[in-house]
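# Structure assessment
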Amino acid sequence: MGYERFVALGDSCTEGLDDPHPAGGRYRGWADLAAARLAMDEPGFRYANLGVRGRRLDQITAEQVPALNALEPDLVALFGGANDVLTGSGSAEIARRVDTAVRRVTELAPNVVVFTLSDISHRMPFGKRLRPRIESLNEAIREAAAGYGARLVDLWPDRAADDLRYFGRDRLHLSDLGHRRLAAHLLDALAVPFEPSWLADLPGDPARPNTRAHAEWLWHVVRPVAVTRVRNRLIGRSPGDGFLPKRPELQPISTDEIRAWIAAPLPGNA
C-alpha cells in the first residue's frame with residue numbers, strides 16, 4: 001500500500017535530536033528517513049513533521065493533533081511519552097494522556113503507528129528507578145494501540161538499547177545510527193522494504209558505560225539539565241517553549257532531499 005500524506009507527531013525524537021541534518025541547520029531523524037523512503041514509492045508523496053522537543057503527550061495532543069484536521073494525512077506516526085515519565089507525571093495520568101492522544105489521532109487518520117520506549121535502565125546509574133514507570137507507559141501504549149486499531153512498534157525488547165552507539169551524548173536521544181534503526185522498525189511495520197544495514201547489528205561488542213563514563217555523564221550532561229529544569233520551573237517555562245515544528249506543512253520531498261537524508265542505498269536504488 002502506498003502512502004501520499006505522512007505526518008509525524010511527537011517530541012525531540014520526532015524532531016530528530018541527535019541526528020544533525022547532512023546539510024546543516026537542523027536535525028534529520030527517523031521520520032525524515034522513513035519519509036524519504038516512502039517518497040520513493042509514491043510520486044505525489046508529501047510529508048510534514050510537527051515534532052517539538054520537550055513536549056509531553058498532553059501538549060502533543062493540544063498543540064499538534066488539531067493540525068491533522070487540515071492536513072488530512074493517510075499515515076501518522078506518533079512518538080511520545082518520555083517527557084511525561086521524566087517530568088514525574090503519575091502512571092494513571094500518563095495512561096490517560098496516552099489513551100487520549102491515540103484515540104484522537106486514530107479518529108483523524110486511517111493509518112496510525114505508535115511506539116513504546118526502549119529500556120534505558122542499562123544506560124544510566126539511576127535507570128532502574130525509571131524502569132517501572134516506562135513499563136507502565138509502554139503497557140498503556142500497547143493497550144491504546146490494540147483498542148483503537150493503531151499499529152505498534154514495540155521497542156522495549158530491542159537489544160540495541162544496550163549499545164551506547166545508538167544514542168547521543170545524553171544517552172536519551174538517538175544518534176544517527178539509532179534514528180536509522182527506528183526508521184527501519186517503522187518501515188518494517190508498514191511492510192515497506194528498507195536498507196538491511198539500518199536494522200543489522202553493529203560490528204564489535206556493544207558500547208557500554210563504565211564508572212568513569214557514568215561520572216562524566218552526570219557532571220557534563222545531567223547537572224546542566226537539572227539546573228535548567230529548576231530554572232524553568234521557577235519562571236514557569238516548559239521545555240520546548242519557543243521552538244516551532246521544522247516542517248509544519250505537507251511538502252513534497254525532492255530528489256536532493258532523498259539523497260541528503262539517505263546515505264546508504266535502498267533496495268533497487270543503488
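We now turn to the structure provided with this report. (Residues numbered from 1 in each chain as written. Predicted model: local features only at pLDDT ≥ 70, side-chain atom pairs only at ≥ 80, totals over all residues. Heavy atoms only, no water.)

So, about the overall build of the chain. Secondary structure summary: the chain contains ten helices and six strands in total. Among the 270 residues that make up the chain, the fraction classed as buried is 50%. Of the roughly 12,600 Å² of accessible surface on the chain, a fraction of 53% belongs to carbon and sulfur atoms. (Helix = DSSP H or I, 4+ residues; strand = E, 2+ residues; numbered from the N terminus. Buried < 20%, exposed > 50% of the residue type's maximum accessible area, 1.4 Å probe, protein only. Areas by Shrake-Rupley, 256 points an atom, 1.4 Å probe, with all protein chains shown as cover.)

Another point: the sheet that holds strand E3 (residues 75-79). Spatial ordering of the open sheet is given by E5-E4-E3-E1-E2-E6, a layout of six strands whose pairing is mixed. With one partner strand each, in any of the chains shown, strand E5 (151-153) and strand E6 (247-252) form the two edges of the open sheet. On average, each strand axis in the sheet is inclined to that of its neighbour by 15°, with strand direction left out of account. The sheet contact formed by E3 and strand E4 (residues 112-115) spans three bridges and is parallel. The partner of alanine 77 across the bridge, within E4, is valine 113. Along the sheet, helix H6 (residues 91-108) contacts strand E1 (5-10), E3 and E4; its crossing angle with E3, the most-contacted strand, is approximately 170°. (Pairing = 2+ DSSP bridges. Axes fitted to C-alpha atoms, helices over the stretch in contact; angles between N-to-C directions. Contact = heavy atoms within 4.5 Å.)

To continue, consider the pairing of E1. Buried residues dominate E1, accounting for five of its six residues. As paired strands, E1 and strand E2 (residues 46-49) are joined by four bridges and run parallel to one another. Residue valine 7 lies in a different strand from E2, and its bridge partner there is alanine 48. Pairing between E1 and E3: five bridges, direction parallel. The partner of valine 7 across the bridge, within E3, is valine 76.

This next bit is on the environment of cysteine 13. Looking at where cysteine 13 falls in the secondary structure, it is placed in helix H1 (residues 12-15). Note: C-alpha distance between cysteine 13 and glycine 54 (41 residues apart in sequence) is 9.4 Å. Non-local contacts of cysteine 13, meaning those with residues more than four positions away in its chain, are made with Trp30, Phe79, Leu174, His179 and Leu182.

Moving on, we come to the packing of aromatic side chains. Throughout the structure, instances matching the rule amount to five aromatic pairs. With a centroid separation of 5.5 Å and 20° between ring planes, the pair formed by phenylalanine 6 and tyrosine 47 is classed as stacked. Note that phenylalanine 6 is positioned in strand E1 and tyrosine 47 in strand E2, a separation of 41 residues in sequence. Relative to phenylalanine 79, the ring of tryptophan 30 has its centre 6.3 Å away and its plane inclined at 45°; by these criteria the two rings are tilted. Of the two residues, tryptophan 30 sits in helix H2 (residues 30-39) while phenylalanine 79 sits in strand E3, which places them 49 residues apart along the sequence. With respect to burial, tryptophan 30 and phenylalanine 79 carry one shared label: buried. Taken together, the aromatic side chains of Phe6, Tyr47 and Trp261 make up a single cluster linked through ring pairs. For the cation-ring pair, arginine 53 lies above phenylalanine 243, with the distance from its terminal atom to the ring centre recorded as 4.1 Å. (Phe/Tyr/Trp six-rings, centres within 6.5 Å; stacked < 30°, edge-to-face > 60°. Lys NZ or Arg CZ within 6 Å of the ring centre and 35° of its normal.)

Here we come to the packing of H2 against helix H8 (residues 176-189). Contact pair H2 / H8: the axes reach a minimum separation of 8 Å and the direction vectors enclose 50°. Relative to H8, the element H2 is oriented oblique. Both H2 and H8 take part in a crossing whose hand is right-handed. Of the residues in H8, those touching H2 at Trp30, Leu33, Ala34, Arg37 and Leu38 are His179, Arg180, Leu182, Ala183, Leu186 and Leu187. Of the residues belonging to the contact of H2 with H8, the class tally is eight nonpolar, one polar and two charged. (Parallel < 35°, antiparallel > 145°, perpendicular 65-115°, else oblique. Left-handed = near helix turned anticlockwise from the far one by under 90°. Nonpolar A, V, L, I, M, F, W, Y, C, P; charged D, E, K, R; others polar.)

If you check H6, its first and last C-alpha atoms are 26 Å apart, about what 18 residues at 1.5 Å a residue would give, namely 26 Å. By the burial criterion, the buried members of H6 are Ile94, Arg97, Val98, Thr100, Ala101, Val102, Val105 and Thr106. (Expected span 1.5 Å × (residues − 1).)

Turning to its location among the elements, arginine 247 is positioned in strand E6. A relative accessible area of 6% places arginine 247 in the buried class. If we skip the residues at most four places from it in the chain, arginine 247 touches Tyr47, Ala48, Asn49, Leu50, Pro252, Ile253, Glu257 and Trp261.

What follows covers the environment of alanine 200. Note on placement: alanine 200 falls in the loop between H8 and helix H9 (211-235). Put simply, alanine 200 and alanine 184 are 16 residues apart on the chain and 9.8 Å apart in space, counted from C-alpha to C-alpha. When near neighbours in sequence (up to four residues on either side) are disregarded, alanine 200 contacts Tyr166 and Arg181.

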